[in-house]
Amino acid sequence: MRAIPQPLYHPRRRSVLATLGGVALAPLATAAWAQQAQPAIAPGTPIRVLIGVPAGGTQDVLTRAIAQEVRDSLGPLIVDNRSGAAGRIAVEAVKTAAPDGRTLLLGTASMMTMFPSAYRNLSYDPIKDFQPIVNAARFELALVVHKDVPASTLSEFIAWARKQPGGASFASYGAGTPSHFLGEMLNRATGLSMVHVPYRGSTPARQDVMGGTVPAYFDTVGGALQMLPSGRVKVIATSGEKRSPLMPAVPTFVEDGLKDVVATAWFAYYAPVKTPKPVVDQLRAEFMRAVNSREVRQQLLQNGMYPVGDGPETLLKTMREDTARWAAIMKAVNFQAND
């Protein structure tokens, strides 16, 4: 009898082919799944976080606290202090770093919202040259004076400053920073002519105000808290719209009738702009988790910072709003930084 040819798609043959195909494709599917499950950044090579001020300040405290929380998931976080040029050295180094998630910037309100108006020839664009990761913490500032300044209230300090030949001097932790402009705002609001003395970071400024080399300094609330136990300084006022929970006994400038003397600032993490999205997403998730952990929140509050945890959209909105606000203040006081 003549054999009848089997159809090309005979049900039995199709079943066999499907089974064989499944066997053949299984390794490929498993490999694809494994690739997707693989984290964008595997623990190994350390991640360097560049900070634009000398070691020992609140930025170090923040980054080291986060480092403890992410060491198992991301590996070691290394603080790399690159002080100089008001922090611009650190910003420029991260801008040109390999976009692999291994070099990050702890950006400040000064670097990312003030400097575009302060410097004519700024070598970076805060929005175009960086990928925002997370806004980690915010803080207020405080007017700190040496213990020998004969003033315990803001009105007494203003009266004393008016009597100083050539104008009283005040320190800041850098030209073009919130510390600097809080002093300029106080000058403008009261008609004072205090002379600005910029320092390269908070540590040397604190040493000099405690030593009496400079009579007044606009520090972070956290920095002021660190100095108070020495008994060598007094805190006159804080810069928030409401009293700081960390210094509830100290009035604000607003309470003393200076409604426009308000200044808050923040610390946020950034990656180079071409860093792949999966890498940025992983960094963001881990940093967010760290900022919201009980241990990190406690350390921040103990050092005068408030945990934030804002994502990129909110951070970009904050950057744009603050850039416009500080630009108006710089124009009002006719400030231009030396390039």
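Residues numbered from 1 in each chain as written. Predicted model: local features only at pLDDT ≥ 70, side-chain atom pairs only at ≥ 80, totals over all residues. Heavy atoms only, no water.

Novice: So what exactly am I meant to see when it comes to the overall build of the protein here?
Specialist: What the protein contains, in helices and strands, is 11 helices and 10 strands. Every one of the 339 residues in the protein was classed for burial, and the buried ones make up 49%. Taking all contacts inside the protein whose residues are at least 6 apart in sequence as the whole, residues at least 24 apart take part in 77%. About 16200 Å² of surface is accessible on the protein, with carbon and sulfur atoms providing 55% of the total. (Helix = DSSP H or I, 4+ residues; strand = E, 2+ residues; numbered from the N terminus. Buried < 20%, exposed > 50% of the residue type's maximum accessible area, 1.4 Å probe, protein only. Contact = heavy atoms within 4.5 Å. Areas by Shrake-Rupley, 256 points an atom, 1.4 Å probe, with all protein chains shown as cover.)

Novice: Where do I start with helix 6 (residues 178–190) in this structure?
Specialist: In this model, helix 6 (13 residues) spans 18 Å end to end at C-alpha, consistent with the 18 Å of a helix rising 1.5 Å per residue. Summarising burial for helix 6: 11 of the 13 residues are buried, a large majority. For helix 6, every residue scored as buried is listed here: Pro178, Ser179, His180, Phe181, Leu182, Gly183, Glu184, Met185, Leu186, Asn187 and Thr190. (Expected span 1.5 Å × (residues − 1).)

Novice: Mind showing me how you'd approach the pattern of salt bridges here?
Specialist: Note on pairing: side chains with opposite charge can pair once their charged atoms come close. Considering all chains together, one arrives at 13 salt bridges under this definition. Of the charged contacts, one joins Asp148 and Lys147 as a salt bridge, the two residues approaching to 3.2 Å between their closest N and O atoms. Given a relative accessible area of 55%, Asp148 falls into the exposed group. Taking the relative accessible area as the measure of exposure, Lys147 reaches 41% and is therefore partly exposed. Two residues, Arg294 and Glu295, come together in a salt bridge whose shortest N-O distance is 3.9 Å. Glu295 gets classed as partly exposed once you look at its relative accessible area, which sits at 37%. One connected set of salt bridges, linked through shared partners, spans Arg48, Asp80 and Arg82. (Salt bridge = Lys/Arg side-chain N within 4 Å of Asp/Glu carboxyl O.)

Novice: Even after reading the chapter, I still don't get the confidence of the model for the protein, so can you show me in this structure?
Specialist: Any region with low pLDDT has predicted coordinates that should not be read closely. Residues of the protein with pLDDT of at least 70 account for 88%, and the chain-wide mean is 88. Note on residues 1–37: pLDDT under 50 across the span, and 1 contact to partners over four residues away in sequence or across chains. (pLDDT = per-residue confidence, 0-100.)

Novice: Can you walk me through the packing of helix 2 (residues 58–74) against helix 10 (residues 294–302) in this structure?
Specialist: Packing of helix 2 against helix 10 brings their axes to within 9 Å, and their N-to-C directions diverge by 170°. Between helix 2 and helix 10, the interaxial angle falls into the category roughly antiparallel. Seen from helix 2, the contacting residues are Leu62, Ala65, Ile66 and Glu69; seen from helix 10, they are Glu295, Val296, Gln299 and Leu300. Residue composition of the contact of helix 2 with helix 10, grouped by class: 5 nonpolar, 1 polar and 2 charged. (Axes fitted to C-alpha atoms, helices over the stretch in contact; angles between N-to-C directions. Parallel < 35°, antiparallel > 145°, perpendicular 65-115°, else oblique. Nonpolar A, V, L, I, M, F, W, Y, C, P; charged D, E, K, R; others polar.)

Novice: What am I meant to see in the environment of Tyr119 here?
Specialist: In this fold, Tyr119 is placed in the loop between helix 4 (109–118) and strand 4 (130–146). Spatially, the C-alpha atom of Tyr119 lies 7.0 Å from that of Asn338, the residues being 219 residues apart in sequence.

Novice: Help me understand the nonpolar core in this model?
Specialist: A general feature of soluble globular proteins is that nonpolar side chains tend to end up buried together. In terms of nonpolar packing, the biggest core is built from 98 residues, with Leu62, Ile66, Leu143, Phe157, Phe253 and Tyr269 touching the most fellow members. In terms of residues, this core owes the most to one element, strand 4, which gives 11 residues. Those residues in contact with Phe157, other than ones at most four positions away along the chain, are Leu143, Val145, Val149, Ala151, Leu186, Met194 and Ala216. (Core = buried A, V, L, I, M, F, W, Y, C linked by side-chain atoms within 4.5 Å.)

Novice: Whenever I open this one, the side chain of Arg284 confuses me. Can you help?
Specialist: In this fold, Arg284 is placed in helix 9 (residues 277–291). Within polar-contact distance, the side chain of Arg284 engages the backbone oxygen of Pro132 at 2.8 Å. In terms of polar contacts, Arg284 uses its side chain to reach the backbone carbonyl oxygen of Ile133, at 3.0 Å. Residue contacts for Arg284: discarding those within four places in its chain leaves Pro132, Ile133 and Pro312. (Polar contact = N/O pair within 3.5 Å; in protein donor to acceptor, adjacent residues only side chain to side chain.)

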